[in-house]
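Spelled out, the chains give:
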Amino acid sequence: MDNYISISYAQLGLATLFIMINVGISLALRLGLTQSLVIASLRMVVQLLLVGYALQWVFTLRNPLLVLLVAVAMTTIAALSSVNRTRRRFSSIYWNNFVCLLSASFLVTGLTVNGIIRVEPWYDPQYLIPLLGMVLGNSLTGTSLALDKFMEDLSSKREQIEALLTLGATRWEAAHETLKEALRTGMIPTINSMMVMGLVSLPGMMTGQILAGASPTDAVRYQILIIFTQASGTALATIGVLILAFFAVFNRQHQLGGNLIQSS
């Protein structure tokens, strides 16, 4: 870490000049994005600074209960964000997303920390919190895309699905193609990013480690580990969310509940 160069707040202030390029383009071409750019920039700076100070405090924790409480809070925020991106809802959607994100992210992060990296102690927040955050970030994207696709398809294809049910099809037979398409939608962003990683883009974690002085080969190994962890977490969370959504909108009599699909 001897090559690490600290960035002062004055240098950070100079970096804001870059966003002024976007603002200038918006003003010159009358894109109407100036206010959004300014608000987004301010929110991003405030949020990241707060997170930085919070993580600095979290990293000093040596109490597994407190670390787990922070992890559960992160999962709760991820679940809320995932649902908020979904245009159609059902009564248990928030709880379903929370359970699936919690189960999938804790499982893969726990296996990574304990079984692969072998962190001592296992609850070391320096490893546990960043890894969990990256898994949750990808998982919430996958679950929100898949759930939105599933609910929209149920709404647009409702007559077709109900016709199949009327003809004697089970709820699985009537909806399994819709489920498959939704699952594919949720997993495509992860697959696409894996396809071009290293050729088109250098991942943020790998870049950060290299800038902090880590060996590029060490950074690459960590990045590969993280990508596989994110991919598995996304797949597990997405499958779980879709299964629970399936049982929420179809009852045991193989009927599509009319009052369970609501526009947000």
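Below is a short write-up of the structure. (Residues numbered from 1 in each chain as written. Predicted model: local features only at pLDDT ≥ 70, side-chain atom pairs only at ≥ 80, totals over all residues. Heavy atoms only, no water.)

### Digging into a nonpolar patch on the surface
And then number 1: On the surface, a nonpolar cluster with roughly 820 Å² of combined accessible area is contributed by Ile7, Tyr9, Leu12, Met44, Val45, Leu48, Leu49 and Tyr53.
And then number 2: Residue assignment for the nonpolar patch shows that the elements contributing at least two residues are α1 (9-29) and α2 (34-58).
And then number 3: Ranked by residues supplied to the nonpolar patch, first place goes to α2 with 5 residues.
And then number 4: A relative accessible area of 33% places Leu49 in the partly exposed class. (Patch = residues over 30% accessible without salt bridge, like charges linked within 9 Å, V, L, I, M, F, W, Y side chains within 5 Å. Areas by Shrake-Rupley, 256 points an atom, 1.4 Å probe, with all protein chains shown as cover. Salt bridge = Lys/Arg side-chain N within 4 Å of Asp/Glu carboxyl O. Helix = DSSP H or I, 4+ residues; strand = E, 2+ residues; numbered from the N terminus. Buried < 20%, exposed > 50% of the residue type's maximum accessible area, 1.4 Å probe, protein only.)

### Points about empty space enclosed by the protein
And then number 1: Throughout the structure, instances matching the rule amount to 1 cavity of 30 Å³ or more.
And then number 2: Residue lining of the largest cavity: Thr109, Thr112, Leu131, Val135, Ile226 and Thr229, and that is the complete set.
And then number 3: Of the residues that constitute the lining of the largest cavity, the class distribution is 3 nonpolar, 3 polar and no charged. (1 Å grid on protein atoms, 1.4 Å probe; cavity = no way out; pocket = protein on both sides within 12 Å on 5 of 7 lines; lining within 4 Å. Points joined across faces, edges and corners; volume = space filled by probe spheres on them. Nonpolar A, V, L, I, M, F, W, Y, C, P; charged D, E, K, R; others polar.)

### Some words on the layout of surface pockets
And then number 1: There is about 1900 Å³ of room inside the largest pocket.
And then number 2: What lines the largest pocket is a set of 46 residues, among which Leu48, Leu49, Val51, Gly52 and Leu55 lie closest to the centre.
And then number 3: For the lining of the largest pocket, the secondary structure elements donating two or more residues are α1, α2, α3 (64-84) and α5 (125-156).
And then number 4: No other element matches α2, which puts 15 residues into the lining of the largest pocket.
And then number 5: In terms of residue class, the lining of the largest pocket is built from 34 nonpolar, 12 polar and no charged.

### Observations concerning the nonpolar core
And then number 1: With 23 residues, the main nonpolar core has Phe90, Leu147, Phe150, Val249 and Phe250 as its most contacted residues.
And then number 2: Looking at this core, the element that brings in the most residues is helix α9 (residues 216-249), giving 6 residues.
And then number 3: The residues touching Phe150, leaving out its near neighbours within four places in the chain, are Thr178, Leu179, Ala182, Leu242, Ala245, Phe246 and Val249. (Core = buried A, V, L, I, M, F, W, Y, C linked by side-chain atoms within 4.5 Å. Contact = heavy atoms within 4.5 Å.)

### Looking at the pattern of salt bridges
And then number 1: On inspection of all chains with the given rule, the structure shows 8 salt bridges.
And then number 2: Its salt-bridge partner being Arg158, residue Glu162 comes within 3.1 Å of it at the nearest N-O pair. Linking Glu162 with Arg158, this pair stays in helix α6 (residues 158-166), spanning 4 residues, or about one helical turn.
And then number 3: Under the relative-accessibility criterion, Arg158 is labelled partly exposed at 22%.
And then number 4: Where Arg184 meets Glu181, a salt bridge forms, and the shortest distance between an N and an O atom there is 2.5 Å. Of the two residues, Arg184 and Glu181 are both situated in helix α7 (residues 171-196); the distance of 3 residues between them amounts to about one turn of the helix.
And then number 5: Taking the relative accessible area as the measure of exposure, Arg184 reaches 41% and is therefore partly exposed.
And then number 6: Each of Arg87, Arg88, Asp148 and Glu152 takes part in a single network of salt bridges with overlapping partners.

### Concerning α7
And then number 1: Along its 26 residues, α7 runs 38 Å from first to last C-alpha, staying within 8% of the 38 Å computed at 1.5 Å per residue.
And then number 2: All buried positions along α7 are accounted for by Arg171, Ala174, Ala175, Thr178, Leu179, Ala182, Gly186 and Thr190.
And then number 3: Contacts made by the buried residues of α7 are with α5, α6 and α9. (Expected span 1.5 Å × (residues − 1).)

### Focus on the environment of Leu102
And then number 1: Inspection of the secondary structure puts Leu102 in helix α4 (residues 93-117).
And then number 2: What makes Leu102 partly exposed here is its relative accessible area of 23%.
And then number 3: Not counting chain neighbours up to four residues away, the residues in contact with Leu102 comprise Val72 and Thr75.

### Side note on α3
And then number 1: In this model α3 runs 30 Å from its N-terminal to its C-terminal C-alpha over 21 residues, within 8% of the 30 Å that 1.5 Å per residue would give.
And then number 2: Buried residues of α3: Val67, Val70, Ala71, Thr75, Ala78, Ala79, Ser82 and Val83, and no others.
And then number 3: Buried residues in α3 make contact with α2, β1 (88-89), α4 and α5.
And then number 4: The opening residue of α3, the one whose side-chain oxygen lies 2.9 Å from the backbone nitrogen of Leu65, is Asn63. (Polar contact = N/O pair within 3.5 Å; in protein donor to acceptor, adjacent residues only side chain to side chain.)

### Here we look at the packing of aromatic side chains
And then number 1: All told, the structure shown has 5 aromatic pairs when counted by the stated rule.
And then number 2: For the ring pair Phe246 and Phe247, a centre distance of 5.3 Å and an interplane angle of 70 degrees mean the geometry is edge-to-face.
And then number 3: A relative accessible area of 47% places Phe247 in the partly exposed class. (Phe/Tyr/Trp six-rings, centres within 6.5 Å; stacked < 30°, edge-to-face > 60°.)

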